[in-house]
Amino acid sequence: MTSRLTRRTQNLGESATLKVAQRALELKAAGETIYDFSAGEPDFPSPKVAVEAARQALADGFTRYTAVAGIPALRQALAERYARRYDAPWGERDFVVTVGGKAALFELAMSLFEPGCEVVVPTPCWVSIPAQVRLAEAEVVAVETDPADGFRLHADALLAACTVQTAAIILNAPCNPTGGVISQDELAALVEGCAERGIPLIADETYEEYVYDGASPLSAASLARRYPDTVIVVGSFSKTWAMTGWRLGWAAGPPEVLRAVAAVQGHLTSNPTSFAMQGALKVLQSGDDGFAEHRREFQRRRNLVVARLNALEGISCSTPAGAFYAFPRVDGAFRAGRRSSIEFSRDLLDRAHVAVVPGSAFGADEHIRLSFACSRETLEAGLDRMAESLGG
Ligand code: PLP
């Protein structure tokens, strides 16, 4: 049967990292306590207003197909949010609500990329970005970011990687897994450089709200009024409002791009889930900004994790300016039996019962990723175990 699979899916590869996740599940099933730092989701509950509104929508029978691009009221509420926060020029019709930010990115890939195209991506990067580019049979052009520079994103390096084949730059800031961010000036230079070259900038702002040390959230939307033809923003309810399972995100940008995105969505998922959208609408209407408290809590956890990681021999961790992951370099602690990020993670799981994601998943085998979206007690206990196991 394998021979019948497309090259596309063969190249996707299940990856050895899933074996680490599988092993964690086995240990949990066997009743072991696992200190799980692998999750890419906040540990807070979804907002009560969302839960109540979705429950009410279900009770009211709001259970049919909706408009492909999502219910107009939700698109309107998104347009108002971006106008208020970033002076974006977009109206209801400039948004497509999608099945998570992931589907927005996938539908953009299907709309903008094809064989012969290059897509510029800062690395290390989130696993699905290169996978989606390759599914569209385009090529990834990786531009490395530097741990010594806090994995910050810079316009010059990204623009220098553009050629006549470049179909887009995909900027994920704050970045999963590195926590790297971009400054307002660099973002403006990047958006301007893209506009001059006629290259779409796809800004994946899934972690928009999670920036620390007093920084304000940034969005490429703030430049869309000046550069309406090349700015595309992807956002998500998942991380900001702890609504990962609701599967709701969005794309906003130039009308012809959004029409293509909606056309793809029409053949892929139809609309996002009807009653989930009612919940999300209520969150926006209520002005829920519970994430402000989450941001403070994540900052405390970040400080704890980074300090403790840096106290471990052979490990060095830059302080992530955004998102909720630490991405330490661990190759200084490689030994026999743990000579790659996968072996290292497997060893950590077996001996310390600490679950992390090997850096190889993100194209950085000297690193591992630890999520600090879990309680401080769990973090402390897991880091104790880690210290014991690495010392031994
Ligand atoms: N972009 C990045 C960088 C992510 O880390 C994720 C989820 O982990 C997403 C997009 C998509 O999230 P969702 O599909 O839950 O909105």
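Worth saying up front: this structure is predicted, and the values here are computed from it rather than measured. Along each chain, residue indices are assigned from 1 in the same order as the chain's sequence is written. Predicted model: local features are reported for residues with pLDDT of at least 70 only, side-chain atom pairs are reported and counted for 80 or more only, and whole-chain, interface and lining totals are derived from all residues. Side-chain measures here rest on the full set of heavy atoms in the structure, leaving out hydrogens and waters.

A. Inspection of the packing of aromatic side chains at higher detail. When two rings of Phe, Tyr or Trp (its six-membered ring) have centres within 6.5 Å they constitute a pair, described as stacked for plane angles under 30 degrees, edge-to-face for angles over 60, and tilted for the intermediate range. What the rule picks out here adds up to 19 aromatic pairs. Judged by centre distance (5.0 Å) and plane angle (50°), the rings of Phe324 and Tyr325 are tilted. Each member of the pair, Phe324 as well as Tyr325, carries the same accessibility label: buried. Among the aromatic residues, those joined into a ring-pair cluster are Tyr82, Tyr86, Trp90, Phe95, Phe237, Trp241, Trp250 and Phe291. For every residue, the accessible area (1.4 Å probe, protein chains only) is compared with the maximum for its type, and the residue is labelled buried under 20%, exposed over 50%, or partly exposed between those bounds.

B. Structural detail: the domain arrangement of the protein. Residue ranges for the domains originate in an automatic or database domain assignment. Its domain assignment divides the protein into domain 1 (10–39 + 291–390) and domain 2 (48–287). Each of domain 1 and domain 2 was reduced to a C-alpha centroid, and the two centroids are 27 Å apart. The criterion used for residue contact is that any of the two residues' heavy atoms lie within 4.5 Å. Each partner contributes residues to the interface: domain 1 has 21 residues there, and domain 2 has 26 residues. With both chains or domains summed, domain 1 and domain 2 bury close to 2200 Å², and 63% of this area falls on carbon and sulfur atoms. We define a salt bridge as a side-chain nitrogen of Lys or Arg found within 4 Å of a carboxyl oxygen belonging to Asp or Glu. Counting across the domain 1 and domain 2 interface gives two salt bridges. Between Asp213 and Arg302 there is a salt bridge, with the nearest N and O atoms lying 2.7 Å from each other. What qualifies as a polar contact is a pair of N or O atoms within 3.5 Å, subject to a donor-acceptor requirement within protein and to the restriction that residues adjacent in sequence count only when both atoms come from side chains. The interface formed by domain 1 and domain 2 includes 10 residue pairs in polar contact (both at pLDDT 80 or more). Take the accessible area each of two parts loses on contact, using a 1.4 Å probe, and add the two losses: that sum is the buried area.

C. Representation of the site of the ligand within the structure. Around the ligand, 13 residues are found, and the nearest of them are Gly101, Asp204, Ser236, Ser238 and Arg247. At 2.8 Å, a side-chain N or O of Tyr207 approaches an oxygen atom of the ligand. One nitrogen or oxygen atom from the side chain of Arg247 is found 2.8 Å from an oxygen atom belonging to the ligand. Here the ligand has 390 Å² of accessible area as a free molecule, and 93% of this is covered by the chains. Going along the chain from the N terminus, every DSSP run of H or I of four or more residues is numbered as a helix, and every run of E of two or more is numbered as a strand. The greatest single-element share of the shell around the ligand, amounting to three residues, is contributed by helix α5 (residues 100–112). Here the term charged refers only to Asp, Glu, Lys and Arg, the term nonpolar to Ala, Val, Leu, Ile, Met, Phe, Trp, Tyr, Cys and Pro, and the term polar to all other amino acids, Gly among them. Considering only residue class, the shell around the ligand consists of two nonpolar, seven polar and four charged. Note on definitions. A residue lies near a molecule or strand when any single heavy atom of the residue is within 4 Å of it. In this description, accessible areas are obtained by the Shrake-Rupley approach with a 1.4 Å probe, and a residue is regarded as covered only by the protein chains that are shown.

D. Structural view of the pairing of strand β7 (residues 231–236). Among the six residues in β7, six count as buried, and that is most of the element. Strand pairing is assigned whenever DSSP identifies at least 2 bridges connecting the two strands. Sheet topology note: the strand β6 (residues 201–204)/β7 ladder contains four bridges and is parallel. By the bridge assignment for β7, Ala203 is matched with Val233. With four bridges connecting them, β7 and strand β8 (residues 249–252) associate as antiparallel partners. Bridged to Val234 within β8 is Ala251.

E. View of helix α6 (residues 128–135). Every buried residue of α6 is accounted for by Ser128, Ile129, Pro130, Gln132 and Val133. Taken from the residues just after α6, Glu137 is the one with a positive phi, measuring 60°.

F. A look at helix α12 (residues 341–352). An expected span of 1.5 Å times one less than the residue number is assigned to each helix. The end-to-end C-alpha distance of α12, which contains 12 residues, comes to 15 Å, matching closely the 16 Å that a straight helix rising 1.5 Å per residue would cover. Count one or two residues on from α12 and you reach His353, which has phi positive near 60°.

G. A look at the nonpolar core. Residue types Ala, Val, Leu, Ile, Met, Phe, Trp, Tyr and Cys, when buried and joined through side-chain atoms within 4.5 Å, form a set referred to as a nonpolar core. Counting 89 residues, the largest nonpolar core has Trp90, Ile169, Leu190, Phe237, Leu309 and Met386 as the members making the most contacts within it. Two domains each put at least three residues into this core: domain 1 (10–39 + 291–390) and domain 2 (48–287). In this structure, Phe237 is in contact with Leu74, Leu78, Ala242, Met243, Leu248, Gly249, Trp250, Ala280 and Leu284, ignoring residues within four places of it in sequence. With 27 residues, the next largest nonpolar core counts Val96, Val121, Ala138 and Ile232 among its residues.

H. Local environment of the pattern of salt bridges. The tally for this structure, following the rule as stated, stands at 23 salt bridges. Its salt-bridge partner being Arg23, residue Asp350 comes within 3.0 Å of it at the nearest N-O pair. Of this pair, Asp350 sits in helix α12 while Arg23 sits in helix α2 (residues 17–29), and the two are 327 residues apart along the sequence. By relative accessible area, Asp350 is classed as partly exposed at 31%. Ionic pairing is found between Arg308 and Glu380, a salt bridge with its closest N-O pair at 2.9 Å.

I. Just a negative patch on the surface, in detail. On the surface, a cluster of negative charge is contributed by Glu144, Asp146, Asp149, Asp365 and Glu366. Structurally, the position occupied by Glu366 is in the loop between β11 (357–358) and β12 (368–371). A residue is classified by how much of its surface remains accessible, and Glu366, at 30% relative accessible area, is partly exposed. Every patch collects residues that have over 30% relative accessible area and no salt bridge, joining them within 9 Å if they carry like charges and within 5 Å if they are nonpolar side chains (Val, Leu, Ile, Met, Phe, Trp, Tyr). Only four residue types enter the charge count: Lys and Arg as positive, Asp and Glu as negative, with His and the chain ends excluded. The atoms used to mark charge sites are NZ of Lys, CZ of Arg, CG of Asp and CD of Glu.

J. Quick peek at the environment of His294. Topologically, His294 is positioned in helix α11 (residues 291–310). His294 sits 53 residues away from Trp241 along the chain, and the two C-alpha atoms are 9.3 Å apart. Not counting chain neighbours up to four residues away, the residues in contact with His294 comprise Phe44 and Tyr210.

K. Here's a closer look at the sheet that holds strand β4 (residues 139–144). With mixed pairing, seven strands are arranged side by side in an open sheet as β2-β8-β7-β6-β5-β3-β4. Edge positions in the sheet fall to β2 (95–98) and β4, since each of these pairs with one other strand and no more. Averaged over all pairs of adjacent strands, the angle between strand axes in this sheet comes to 20°, irrespective of strand direction. The axes are straight lines fitted to the C-alpha atoms, using for helices just the contacting stretch, and the angles between their N-to-C directions are given from 0 to 180°. Here helix α4 (residues 72–86) sits on the sheet and contacts β2, β7 and β8; the angle it forms with β2, its principal contact strand, is near 115°.

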